[in-house]
Amino acid sequence: MNLTEGLSTGRHSFYNVSFNGSALFEKSPVAEKVINAFTLIILFNTMVSLGCTMEISKIKAHILKPTGVAIALVAQFGIMPLTAFTLGKIFLLEPIEALTVLICGCCPGGNLSNIFTLALKGDMNLSIVLTTCSTIMALGMMPLLLFLYCRGINNLESALPYVNITLTVLLTLVPCGIGIALNHYKPNYSLVVKKVGLSILVISAVVTAIMVSIYIGKTIWVIFSPQLISAAALMPLIGYILGYAMSSIFKVNHQCRRTISMETGCQNIQLCAAILKVAFPTEVIGPLFLFPLLYIIFQACEALLLSLLFRFYNTFNSPAEGEGNYSE
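Below: a short report on this structure. (Residues numbered from 1 in each chain as written. Predicted model: local features only at pLDDT ≥ 70, side-chain atom pairs only at ≥ 80, totals over all residues. Heavy atoms only, no water.)

### Some details on the overall build of the protein chain
Rule in force here: What counts as a helix is a DSSP run of H or I of at least four residues, what counts as a strand is a run of E of at least two, and both are numbered from the N terminus. Burial here depends on accessible area, computed with a 1.4 Å probe over protein chains only, as a share of the maximum for the residue type. Under 20% is buried, over 50% is exposed, and the range in between is partly exposed. Two residues form a contact once any of their heavy atoms are found within 4.5 Å. To be clear on the numbers: accessible area is Shrake-Rupley with a 1.4 Å probe, and residue cover counts the displayed protein chains and nothing else.
Scanning the protein chain from N- to C-terminus turns up 16 helices and 0 strands. A buried classification covers 46% of the 328 residues belonging to the protein chain. Taking the intrachain contacts of the protein chain between residues at least 6 apart in sequence as the baseline, contacts between residues at least 24 apart amount to 87%. Here the protein chain has roughly 15600 Å² of accessible surface; of this, 71% comes from carbon and sulfur atoms.

### Notes on the packing of helix α13 (residues 254–265) against helix α16 (residues 291–316)
Working note: a packed helix pair is described by the angle between its axes plus the distance between those axes. Note the cut-off: Inter-axis angles, ranging from 0 to 180 degrees, are taken between N-to-C directions of lines fitted to C-alpha atoms, where helices are fitted over the stretch in contact. Roughly parallel means an angle under 35 degrees; roughly antiparallel means over 145; roughly perpendicular covers 65 to 115; every other angle is labelled oblique. Note on convention: the crossing is left-handed when the near helix lies turned anticlockwise from the far helix by less than a right angle, right-handed when the turn is clockwise. Each residue gets one of three labels, nonpolar for Ala, Val, Leu, Ile, Met, Phe, Trp, Tyr, Cys and Pro, charged for Asp, Glu, Lys and Arg, and polar for the others, Gly among them.
Two elements in contact, α13 and α16, have axes whose closest approach is 11 Å; the angle formed by their N-to-C orientations is 165°. Compared by their axis directions, α13 and α16 come out roughly antiparallel. The element α13 and its partner α16 pack so that their crossing is right-handed. Packed against α13, whose contacting residues are R258, M262 and G265, the element α16 presents Y295, Q299, A303, L306 and F310 at the interface. Taken together, the residues of the contact of α13 with α16 break down into 5 nonpolar, 2 polar and 1 charged.

### A word on unusual backbone geometry
Not every positive phi belongs to a glycine, and L92 is a case in point at roughly 50°. Exposure remark for L92: the relative accessible area of 65% places this residue in the exposed category. Unlike most non-glycine residues, K121 shows phi in positive territory, near 55°. Relative to the helices and strands, K121 is located in the loop between α7 (112–119) and α8 (124–149).

### Observations regarding the nonpolar core
Selection rule: Within this scheme, the nonpolar core is defined by two criteria: the residues are buried Ala, Val, Leu, Ile, Met, Phe, Trp, Tyr or Cys, and they are joined through side-chain atoms within 4.5 Å.
Ranked by internal contacts, the top residues of the largest apolar core, which has 66 residues, are I103, F224, M235, F280, F291 and L294. Formed by 7 residues, the second largest nonpolar core is a distinct cluster that contains L120, Y240, M262 and C266.

### Let's talk about the environment of L120
In this structure, L120 sits in the loop between α7 and α8. Along the backbone, L120 and F310 are 190 residues apart, and their C-alpha atoms lie at a distance of 6.8 Å. Not counting the four nearest positions on each side in its chain, L120 is found in contact with R258, M262, L306, S307 and F310.

### Let's talk about a nonpolar patch on the surface
Spelled out, the test is: Patch definition: residues above 30% relative accessible area lacking any salt bridge, with like charges linked at up to 9 Å and the nonpolar side chains Val, Leu, Ile, Met, Phe, Trp and Tyr linked at up to 5 Å. A pair is scored as a salt bridge if a Lys or Arg side-chain nitrogen falls within 4 Å of a carboxyl oxygen belonging to Asp or Glu.
Nonpolar side chains collect at one region of the surface, where F44, V163, L167, L170, L173, V174 and I178 lie side by side and expose about 600 Å² of accessible area between them. Sorting elements by how many residues they give to the nonpolar patch places helix α9 (residues 162–185) first, with 6 residues. With respect to the helices, strands and loops of the structure, L173 is situated in helix α9. Given a relative accessible area of 42%, L173 falls into the partly exposed group.

### Some thoughts on the packing of aromatic side chains
The following threshold applies: Centre distance within 6.5 Å is the pairing criterion for rings of Phe, Tyr and Trp, where only the six-membered ring of Trp is used; planes under 30 degrees apart are then read as stacked, over 60 as edge-to-face, and the remainder as tilted.
Applying the stated criterion across every chain, the model contains 3 aromatic pairs. Consider the rings of F291 and Y295, whose centres lie 6.2 Å apart with planes at 35°: the pair is tilted. Of this pair, F291 and Y295 both sit in helix α16, 4 residues apart, roughly one helical turn. Given the relative accessible area of 0%, F291 is considered buried.

### Some words on the packing of α8 against α13
Where α8 contacts α13, the axes come no closer than 10 Å and their chain directions differ by 30°. Judged by the twist between their axes, the crossing of α8 over α13 is right-handed. The residues of α13 that touch α8, namely those facing L126, S127, L130, T131 and S134, are C256, T259, I260 and E263. In the contact of α8 with α13, the residues fall into 4 nonpolar, 4 polar and 1 charged.

Any functional reading would require information that these geometric values do not contain.
Encoded structure:
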């Protein structure tokens, strides 16, 4: 069975008749290059700013004692693919819908987890180490997971964008390395860079949210089935909850639990979008190529809600004990 056979039945036939993915969100090559360049600059700036919050000694401690790293990787590549697969069965998703959700669930942690780890006062050193490790492991784990969960759909694992995964690693390590070096050698400058960088990030996020809501905000809620929207809403939330629960079982401290929770629930949706684009022709995937956008809306909103609840809780309670690396 190839990638396109048996995937255009049921509700998805409605997608293909009523909507055309390319007509839904057309971009000129120039506009696409401008958007990509803008995104790259913002991401680079953000990762430099986050790097300024990190310390070499603490990074080394996580590498030498990788308890948190191991827990997070098991959660990332164990909990999330299984959650995506289970949600597809529970909501009786059409084959192409279930496959789209599963591809998203098999993706490694994204840079959004680093941002919300900072908002939740988590361990930034652990967060960057986790994002880097999960992205590197994705080179082997994603083909394996997609093969195991998608047996019968030939060569899906061959559609993985290995170049994009490698670039993601570089876009995490290089700017973070610059931020770490600034924090180590020029701590006064790093404070300024962090404040300016995070301010630019907030402004960019607000502008992007407004643009998305104006151009495709209404459309995205119409083209997707209620079952698929429910799966997109539940998957990151389940990841946050189970990531925190799993790290609690192993008794890591509260700071690390919040970090692992964010890393588990935040998938790299850029990779998901790239896989959908490479693996399926437009007539098969239809508007489902916009699913990563739907997913990141729920992913960000739920993480933002958790951040606000955490801040509210902290205002009326003393900070949790054990904010070091790990509890004994």
